[in-house]
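Architecture and fold: a report
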Amino acid sequence: MSNLLKLSDVTKSFAGVRALRGVCFGLSGGEVHALIGENGAGKSTLIRVVTGAHLADSGTLQIAGQTIIRNSPVISRSLGVAVIYQQPALFGDLTVAENIAIALEPRTAWRAIRWNKRRAMARELLARVGSDISPDAEVRQLSMPQQQLVEIAKALGADARIFIMDEPTASLSDREVEHLFGVIKSLRQRDAGIVYISHRLEEIERIADRVTVLRDGTRVATHPMSEINRAEMIRLMVGRESSAIFPKTQVKPGAAVLELQNVCCNSTGVHGIDLSVRAGEIVGLAGLVGAGRTELARVLFGLTPADTGRIKIQGRTVQIRSPRQAIDLGIACLPEDRRKHGVILEMPVAQNITLSSLPRVSMRGWLSFRRERLIAHALVDRLGVKTASLSSATGTLSGGNQQKVALARWLAIEPKLVILDEPTQGVDVGAKSEIHRLMGELAQRGIAILMISSELPEILGMCDRIAVMHGGTITSVLDREKATQEKILDLALGLSGRKEAVPA
Amino acid sequence: KKEQAATVSSPVGKQVVIGMVPKSKGDEYFIACRKGADEAAEQLGVKLIWDGPTEPEAARQNEVVDDWITRGVDVIAVSVENKAGISTVLRKAREKGIKVITWDADSESDARDYFINQATPEGIGQSLMDNAAGVMQNKGEFALIMASRTAGNMIAWSAAVKARLTEKYPDIKLVAEEACEDRPILAFNQASAIIKANPNVKLIMTICAPGMPPTAEAVKQSGRTDVKVIGLGTPKANATYVHEGVTQAVILWNSVDLGYLTVHAAKALAEGRLKVGETSIDAGRLGKIEIKGDNVLLGSPFRFDKTNIDQFNF
Amino acid sequence: MIRKYLREISVGVAYLVLLGLLAFKSPSFFQADNIRQLLVEIVPALVAAVGMTLVIITRQIDISIGSVFSLCAYIAALMAHQGVPVPLAFGTAIGCGALMGALNGLLIATLALPSIVVTLATMVIWQQALAWWKQGAPVASLPAGFHWFGLNQMAGQWIEAIIALLIFLAFATAMRYLAAGRAIYATGSDYEAARLAGIRPKLVTFNVFVLMGILTAAASILNAVIMEKVYPTSGDKLELRVIAAVVVGGVAISGGRGRLIGVLIGVALLGTIGRALIFLHARSEWGATIQGTIILLAVSSDALDRSRR
Amino acid sequence: MTQNALNSVTMAGGRSGLMMRLLPMSQQLVVVVLLAIEIIIFSIVGRNFLTVENAFEVIRQNVEIGLLALALTPVIVAGGIDLSVGSLIALCAVVLGMSWQDWGLPLGVAVGVALLIGTAAGLLNGLLITRLGIAPLIVTLGSMSLFKGLAEGLMSGRAPFTHFSTWFNELGNRYLFGFLPEQVLIFVVAAIAFGLLLHRTTIGRTLVAIGFSFDGARYAGVPVCRRLLLVYCLSGLVAGLAAVIYVARVGEANAGAGRGYELYAITAVVLGGTSIFGGRGTVAGTLLALFAIGILRNGLRLADQPAELAGVLVGTLLIVAIIGNKLINQLTDLSAGRTLSIRRERGNPT
Ligand SMILES: Nc1ncnc2c1ncn2[C@@H]1O[C@H](COP(=O)(O)OP(=O)(O)OP(=O)(O)O)[C@@H](O)[C@H]1O
Ligand SMILES: Nc1ncnc2c1ncn2[C@@H]1O[C@H](COP(=O)(O)OP(=O)(O)OP(=O)(O)O)[C@@H](O)[C@H]1O
Ligand SMILES: [Mg+2]
Ligand SMILES: [Mg+2]
């Protein structure tokens, strides 16, 4: 096996933060080398050092046997490194074809563009990741998962031997994940090496040959997959025995909090939605990418108001025309895209937390900074947010902690119904189990929860009932007992379910 | 303390300080005025501060004067952009014991001691219109390009022109009226368009010093020898066009002398030599200049044409 | 397809309506020499607008072009006046434009300062410096080679139009079919992604501002040779006119989007109104009102489109 | 877990907390220094510079622009911009004159009408920006030309309106107790009002949120459209007020009023450390910058220096200030890369 990648005691720190401390890492042809660790452990930073997005402070880097002095995205690429970054690095205003082409074509500025060639190439690559996105679509009109797919296609296109994937499946649903794994296998046969980062350990178990665990910027262990199990991985990542994931707490559901009857929203393609969520109940929304789960959440939160149908909150028929109204009705919504919608990165933690409950921290419109600090402090403690202070910019927190801040904001309004859109996406096991624990706690306090997740184990583990969406509508609702991975997948794929589909 | 300040800024000692405000810096016409003012200041050994708006905007002049009141000058001489506007602050200056002169354009008469009167709006309007009529043999179409639609004096002048037109020249028709915002290129474009759009326009009158040469240029480039130009401007800038016969006449007073005279009057005023009831003032190379009431008369507008334009270099 | 070019189409239609009105009300508008005059009138704005388009696509803005325009033309004139060979004078002017653009670029690209603030500052500086330096005196008695490049009037006018057209076509094609052009779109669309893709966004931004300076200088020369004198105020308010034309032409102020063809139409539309009003014998004091209305209508048009999807 | 979070909050609070509060102020600090330098220099070279009268004179002369700057601060903090305020002064001034002289309304009422027009114009801007989602820069670029055009059209070559009642002119020229200009009172009130609005009310807080991230604010249930409408209406209203004071001070109303003021005002706001990208900004900073500029103009004049020099120096001041601010930022914890990649997530700069 050829040695593709070799890092030895690489160190990298950002003003203040020591992101990497003397990390060693290797990758050889034909293997999938998984890189795991909690949020902020340094995974992304490590791979950004390899790709030249960041320059290491010290340590040596060898790509394909060559020692790199001053790395850069261009150099690493020329040496056959292809990368899928955690935040898709795409050009929203440009077409899919061009996004892919820019990554693959030579760097020279005085080069003629051949558009047809670009389109053809894009179509071919997208097909390989099993997607039919039009090459002429503008990327900014694609959903997050679709953008992920473009990223993957981009990486595949490069005739690279080193593939680096930073949480590629974070927003993908099982079908695309399967496809990706297929691709990875074929790459592996071609004797390429893959560095695979994910917070989903079952994925790791399936495809990885080796696992390296990072904690606080140091490498704690590297093991062949055969010699390590999930519990061990978690222990290494977290540095302590972690509570079981999905701690489902049994709650006796109360009266219906949310009732939907034939809700339609033409602009988003959501139609014929019938669903009810009772107090203390956790209802899961499963489905493939683009099934319309997030769209439904947006309808309920008044971002794209429903055109027809009836929405009842605690038995009262209501109109939800704006998020403001939704909040006044006691509806909270944790959005899918944390960094864009979930929190305001530049704002201090405290201000982020109280943003949706300003009436509670003010008298007749006058802010009371004391109350703000009190409320924020209380929630920061309750959720165990790791932050330097209440007044540090939320953007300086790790994604997982940003997610907790976003959640805290919604707890601050003391909601009746909480909509969670991919609440644990890209969140590490530690933070993840805390978020799950919190969900249980909320349920016990009689709050109704509607959770969207692309991670079936999570759905199966957490939910009392599971509504499966396909093509913009709910094809069927399963009870916890009846639900199995296979069944849900069938329904999600629209193979079965038509018969049991609730009449619209 | 003030004495010290004075001596600091002027070793000569008690030197007369005159603040002179043009309507707008960078306008050829006022550049010419400044020439004369500097010349006189040189002769008389007075300290001349020359400052004003870089673009015609009413409030700017007030601010200059306000600050000079604070600074403490002996005489403030203003070429008034906005009559009512400036008068309030000029009165304030007089209360503070500063002598006030208006030149080129007058303020309200109680707001200043003397007006260096080279022409009233009516006077200008009349001679412009009369000259135009002369060129057009009292009939036909003509167009008007003014510096701006907002400056008070512009409005007054164009009004005066129109008044004269309706009162004396029934057969002359004003077919187009543009404002060039004091921007030569606009005057050029507007003139060229006017000529094309109004085939039988016989004359373009441009009441805007920077706008006049471009107007002539446009007429010249249009190749229409039958269209003539007159207007307010400085001789030197228009000389070539006058000789080429495009521009028939440039109406103006000798603006260098205007600046020159203003400074002389200012000094006299400051030293109390210019008392109420004086009938004349001795203004250096201009000799004795007549005074009527509180108006120092430079003489009525002057008509530059082929015959005399080369004698003036401003 | 129609949606993609909605802005170009709607603005184009508006322009055709205007021309139709003229053809109907005052056909004399379409005399050859009037059209030439019109071209000459529009040309400088067009060349500057090409530069501004690049700048705005890079998600920056440059409001200093008015001052740069005045200064470059003035420098060229002064040199020519002092007997420097005209081509050399023009060359130097362009060089100065490049330098002033480079200064903006340096502050904006390397120090990552907001372009609107930087260029606001340089605008004031150049403008006031020029006013201070020469107190607004125009440069007269220029050598023969200056006015209309030493050609006769008609030839000069055609040359102007042709030069501008060539510049336009060159950039229009480059922006679509040259990697360098696409790099500008990429940089404006997402700076960080551009960096990761190995496009050097700093360099791109810097170069764009240098180009802006050069094109501004070129425009100022095209404008200077029209008359026998060069005035230090020749560029007043140019930035507003140009930016307006560019956005009317459909270039997104948020960067990354827009096509030069639209800009061409935008410049033509806004550039024709003034002259058109005179030919329509309209009360010209309403000119600014009409301009404003057109700008607002144009930009509203694609807002409606956005709400449709 | 909860335990150590508690610690970390209480422990690490101090330093980075202080930094967070100081960081947005760094440019204000730079401006303070520049201001001090100016004052020192001018009190040496300028005549009667360091006097109470002059101090108030400076403020008095900058009241109109100052008002605009105050109103623009929340606009820019909310991530917007309003180029139309200068032209709006002209429009309101003309309307004021007309409604008084032509329509024979009592001057008091005419003032009301002017303010109303201003607000309506602001509303127009706001509606175009929020309902149609067009970039503020573009909308107000258009309305700038529109309002100016309307003003000129309405005047159409007639003489400016003058000879307003004395009580009205005094509003712009009388000195209470012999030294305190009346309009300065109005300005002080406005300054305090805007200060409170932006920094002490929930509205101000939501404006900051909108400025940092429009979408983020929307998802947090902030009534973004209503808030934006509010700030643009306010800036319209204040432009109207500025027009009234302008007319009162200069004693005449015409379509040339307030030309170019928008740039002076914007200069003051950004010099005062308000981020043109939205989010960061303080009224105090705006005031500081306003004085820095006003004193520069005034001081140079008292030192017999030409206005152009003042212009050049203002430009230089602006560049020095933002560079200085940049350097300070780079010394503090937020590295360039950090701020940049966070900016990535947000809308466009202009
Ligand atoms: N550009 C940056 N500037 C400053 N600090 C950074 C930067 N990038 C990462 N860090 C810090 O470096 C540490 C490691 O970040 P990194 O993104 O590598 O974590 P990660 O392992 O990718 O976490 P996740 O699982 O959330 O992706 C974090 O504490 C983070 O705060
Ligand atoms: N540009 C940046 N500057 C500073 N720190 C950063 C930057 N980008 C990421 N980080 C830090 O890196 C760590 C991981 O962030 P990253 O964006 O990789 O993950 P995420 O998408 O935020 O969410 P998660 O951490 O759950 O994966 C966090 O501590 C975050 O604060
Ligand atoms: Mg990461
Ligand atoms: Mg991450």
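Anything mentioned here points back to the structure above.
Worth saying up front: this structure is predicted, and the values here are computed from it rather than measured.

**Let's talk about the state of the cysteines**
This model, assessed by the stated rule, comprises zero disulfides over all chains. Cysteine Cys-463 of chain A shares no disulfide, and the gap to the nearest cysteine sulfur, in Cys-333 of chain A, comes to 16 Å. Relative accessible area serves as the criterion here: at 0%, Cys-463 of chain A is assigned to the buried category. Considering cysteine sulfurs only, Cys-208 of chain B is the nearest to Cys-180 of chain B, which forms no disulfide, with 3.7 Å between them. Among the residues examined, Cys-180 of chain B registers a relative accessible area of 0% and is labelled buried.

**Some details on the coordination of the magnesium ion (ligand 4)**
Note on the magnesium ion (ligand 4): its protein donors are Gln-86 of chain A (OE1) and Gln-86 of chain A (NE2). The metal-donor distances range over 2.2 to 2.7 Å. Inspection of the secondary structure puts Gln-86 of chain A in the loop between β6 (81–84) and α3 (96–104).

**Looking at the interface of chain C and chain D**
Listed per partner, the contact involves 45 residues of chain C and 45 residues of chain D. A combined buried area of about 3900 Å² lies between chain C and chain D, and 80% of that area is made up of carbon and sulfur atoms. Considering only the side of chain C, the residues that lose the most area to chain D are Trp-132, Ile-253 and Leu-296 of chain C, jointly responsible for 15% of the buried surface there. Along the contact surface separating chain C from chain D lie five residue pairs in polar contact (both at pLDDT 80 or more).

**Thoughts on the coordination of the magnesium ion (ligand 3)**
All names here are of chain A. Of the protein atoms, only Ser-44 (OG) and Gln-86 (OE1) coordinate the magnesium ion (ligand 3), at distances of 1.6 to 2.1 Å. The distance between the magnesium ion (ligand 3) and the magnesium ion (ligand 4) is 3.1 Å, with Gln-86 acting as a donor to both metals. Residue Ser-44 is found in helix α1 (residues 43–51), and its partner Gln-86 is found in the loop between β6 and α3; the two are separated by 42 residues along the sequence. Of the residues examined, Gln-86 reaches a relative accessible area of 26% and is grouped as partly exposed.

**As for the sheet that holds strand β11 (residues 256–265) of chain A**
Residues and elements named next belong to chain A. Read across the open sheet, the four strands follow the order β12-β11-β14-β15; overall the sheet is antiparallel. Edge positions in the sheet fall to β12 (270–278) and β15 (316–318), since each has one partner strand and no second. The sheet shows a mean angle of 20° between the axes of neighbouring strands, direction not considered. By the bridge criterion, six bridges tie β11 to β12 in an arrangement that is antiparallel. Directly across from Glu-259, in β12, lies its bridge partner Ser-276. Most of the contacts of helix α9 (residues 293–300) go to β11, to which it runs at about 110°, and overall it touches β11 and β12.

**Things to note about the site of ligand 1**
All names here are of chain A. Taken together, 14 residues lie near ligand 1, and Gly-40, Lys-43, Ser-44, Thr-45 and His-199 sit nearest. In this structure, Gln-86 approaches ligand 1 through a side-chain N or O atom, which is 2.9 Å from an oxygen atom. Taking His-199, its side chain carries an N or O atom lying 2.8 Å from an oxygen atom of ligand 1. For the shell around ligand 1, the elements supplying multiple residues, two or more each, are β2 (17–28) and α1. With three residues, the top contributor of residues to the shell around ligand 1 is α1. When the residues that make up the shell around ligand 1 are grouped by side-chain class, the tally is four nonpolar, seven polar and three charged.

**Considerations on the nonpolar core**
Leu-5 of chain A, Met-205 of chain B together with Phe-168 of chain D are the most contacted members of the largest nonpolar core, which has 424 residues in total. Sort the elements by how many residues they give to this core and helix α2 (residues 32–57) of chain C lands first, with 15 residues. Non-local contacts of Leu-5 of chain A, meaning those with residues more than four positions away in its chain, are made with Phe-25, Gly-26, Leu-27, Val-50, Leu-61, Gln-62, Ile-63, Ile-162 and Val-195 of chain A. Membership of the second largest hydrophobic core comes to 51 residues, among which are Val-96, Leu-142, Ala-160 and Met-165 of chain A.

**Details of the packing of helix α13 (residues 369–383) of chain A against helix α14 (residues 399–411) of chain A**
The relative placement of two packed helices is expressed as an angle between their axes plus a distance between the axes. Residues and elements named next belong to chain A. One can describe the packing of α13 onto α14 by two numbers: an axis separation of 10 Å at closest approach and a directional angle of 125°. Regarding the angle of α13 to α14, the classification is oblique. When you trace α13 past α14, the crossing you get is right-handed. On α14, the residues that touch Leu-379, Arg-382 and Leu-383 of α13 are Lys-404, Leu-407, Ala-408 and Leu-411. Taken together, the residues that form the contact of α13 with α14 break down as five nonpolar, no polar and two charged.

**So, unusual backbone geometry**
In this model, Asp-104 of chain B sits at a positive phi of 70°, which is unusual for a non-glycine residue. Of note, Phe-177 of chain D is a non-glycine position whose phi angle comes to about 50°, a positive value. Exposure remark for Phe-177 of chain D: the relative accessible area of 67% places this residue in the exposed category.

**Section: the pattern of salt bridges**
Residue and element names in this part refer to chain A. This model, assessed by the stated rule, comprises 73 salt bridges over all chains. Close ionic contact of Arg-161 with Asp-191 constitutes a salt bridge, the shortest N to O distance being 3.3 Å. With Arg-161 in the loop between α5 (144–157) and β7 (162–166) and Asp-191 in the loop between α6 (174–189) and β8 (193–197), the pair connects residues that are 30 residues apart, well separated along the chain. A relative accessible area of 36% means that Arg-161 is categorised as partly exposed. Accessibility expressed as a relative area gives 33% for Asp-191, which makes it partly exposed.

**Concerning helix α6 (residues 153–177) of chain C**
Residue and element names in this part refer to chain C. Between its first and last C-alpha atoms α6 spans 36 Å; for 25 residues at 1.5 Å apiece the expected length is 36 Å, and the two agree. Listed in full, the buried residues belonging to α6 are Gly-156, Gln-157, Glu-160, Ala-161, Ala-164, Ile-167, Phe-168, Phe-171 and Met-175. The N-cap residue of α6 is Asn-152: its side-chain oxygen and the backbone nitrogen of Met-154 are 3.1 Å apart.

**Here we look at the packing of aromatic side chains**
Going through the model one piece at a time under the given rule, you end up with 24 aromatic pairs over all chains. Ring centres of Phe-42 of chain D and Phe-49 of chain D lie 5.7 Å apart, and the angle between their planes is 50°; on these two criteria the pair is classed as tilted. Just as Phe-42 of chain D is buried, Phe-49 of chain D falls in that class too. Consider the rings of Phe-164 of chain D and Phe-168 of chain D, whose centres lie 5.4 Å apart with planes at 45°: the pair is tilted. Taking the relative accessible area as the measure of exposure, Phe-164 of chain D reaches 4% and is therefore buried. An aromatic cluster is present here, built from Tyr-29, Phe-30, Trp-50, Trp-103 and Trp-253 of chain B joined pairwise through their rings. One cation-aromatic arrangement involves Arg-176 of chain C over Tyr-177 of chain C; the distance from NZ or CZ to the ring centre is 5.9 Å. One Lys or Arg, Arg-182 of chain C, reaches over the ring of Tyr-185 of chain C and ends 4.4 Å from the middle of that ring.

**Description of the pairing of β11 of chain A**
Residue and element names in this part refer to chain A. Connecting β11 to the antiparallel partner β12 that follows it, the hairpin turn spans four residues, and Gly-269 within it adopts a positive phi of roughly 80°. With five bridges joining them, β11 and strand β14 (residues 308–313) adopt antiparallel strand pairing. The residue of β14 that forms the bridge with Leu-260 is Ile-311.

**Notes on empty space enclosed by the protein**
It is the rolling of a water-molecule-sized probe over the atoms that shows where space remains empty. Within the structure shown, the criterion is met by 11 cavities of 30 Å³ or more. Considering only enclosed or pocket space, the second largest cavity measures out at about 300 Å³ in volume. In terms of lining residues, the second largest cavity is bounded by 23 residues, among which Arg-77, Val-83, Ala-103 and Lys-154 of chain A together with Leu-196 of chain C are the most central. Elements that contribute at least two residues to the lining of the second largest cavity include exactly α2 (73–78), β6, α3 and α5 of chain A together with α8 (191–196) of chain C. The class makeup of the residues in the lining of the second largest cavity is 16 nonpolar, four polar and three charged.

Reading guide: rules and limits
- Residue positions are given per chain, counting from 1 as you read along its sequence in written order.
- Chains carry letters from A onward and ligands carry numbers from 1 onward, assigned in written order.
- It should be noted that, the model being predicted, local features are given only for residues of pLDDT at least 70 and side-chain atom pairs only at 80 or more, the latter also being counted only at that level, while totals for whole chains, interfaces and linings use all residues.
- Processing note: side-chain calculations cover all non-hydrogen atoms of the structure and skip hydrogens and water entirely.
- Two cysteine sulfurs form a disulfide in these notes if their separation is within 2.5 Å.
- The buried label goes to any residue with under 20% of its type's maximum accessible area, the exposed label to any with over 50%, and the partly exposed label to all in between, with areas taken from a 1.4 Å probe on protein chains only.
- The rule for donors is simple: an N, O or S atom within 2.8 Å of the metal counts, and for Na, K and Ca the reach is 3.2 Å. Water is not among the atoms, so a site may look short of donors.
- Numbered from the N terminus, helices here are DSSP runs of H or I no shorter than four residues, and strands are runs of E no shorter than two.
- A contact between two residues is defined here by any heavy atoms of the two lying within 4.5 Å.
- Throughout, buried area stands for the accessible area (probe radius 1.4 Å) lost by two parts on being put together, summed over both.
- Each polar contact in these results corresponds to two N or O atoms within 3.5 Å; when the atoms are within protein, one needs to be able to donate a hydrogen and the other to accept it, and residues that are neighboring in sequence are counted only if both atoms are side-chain atoms.
- Only when DSSP finds a minimum of two bridges between them are two strands counted as paired.
- An axis is simply a line fitted to the C-alpha atoms; with a helix, the fit covers only the stretch in contact. Between two such axes, the angle follows the N-to-C directions and lies from 0 to 180 degrees.
- Only a single heavy atom is needed: when it lies within 4 Å of a molecule or strand, its residue is near that molecule or strand.
- Charged means Asp, Glu, Lys or Arg here, nonpolar means Ala, Val, Leu, Ile, Met, Phe, Trp, Tyr, Cys or Pro, and polar covers whatever is left, Gly included.
- Nonpolar core, defined: a set of buried Ala, Val, Leu, Ile, Met, Phe, Trp, Tyr and Cys residues in which side-chain atoms within 4.5 Å join the residues together.
- Orientation is classified from the angle alone, with under 35 degrees giving roughly parallel, over 145 giving roughly antiparallel, 65 to 115 giving roughly perpendicular, and any other angle giving oblique.
- Here a crossing is taken to be left-handed if its near helix is turned anticlockwise relative to the far helix by less than a right angle, and right-handed if that turn runs clockwise.
- Put simply, a salt bridge is a Lys or Arg side-chain nitrogen that is within 4 Å of an Asp or Glu carboxyl oxygen.
- Each residue after the first adds 1.5 Å to the expected span of a helix.
- We call Phe, Tyr and Trp rings a pair once their centres come within 6.5 Å, taking the six-membered ring for Trp, and we label the pair stacked below 30 degrees between planes, edge-to-face above 60, and tilted otherwise.
- Here, a charge over a ring is recorded when the distance from Lys NZ or Arg CZ to the ring centre is within 6 Å and its angle to the ring normal is within 35 degrees.
- The pocket and cavity definitions rest on a 1 Å grid over protein atoms only: a 1.4 Å probe that fits but cannot leave marks a cavity, an open set with protein on both sides within 12 Å along at least five of seven lines marks a pocket, and residues lining either have an atom within 4 Å of a point.
- Grid points are joined across faces, edges and corners, and a volume is the space filled by probe spheres set on the points.

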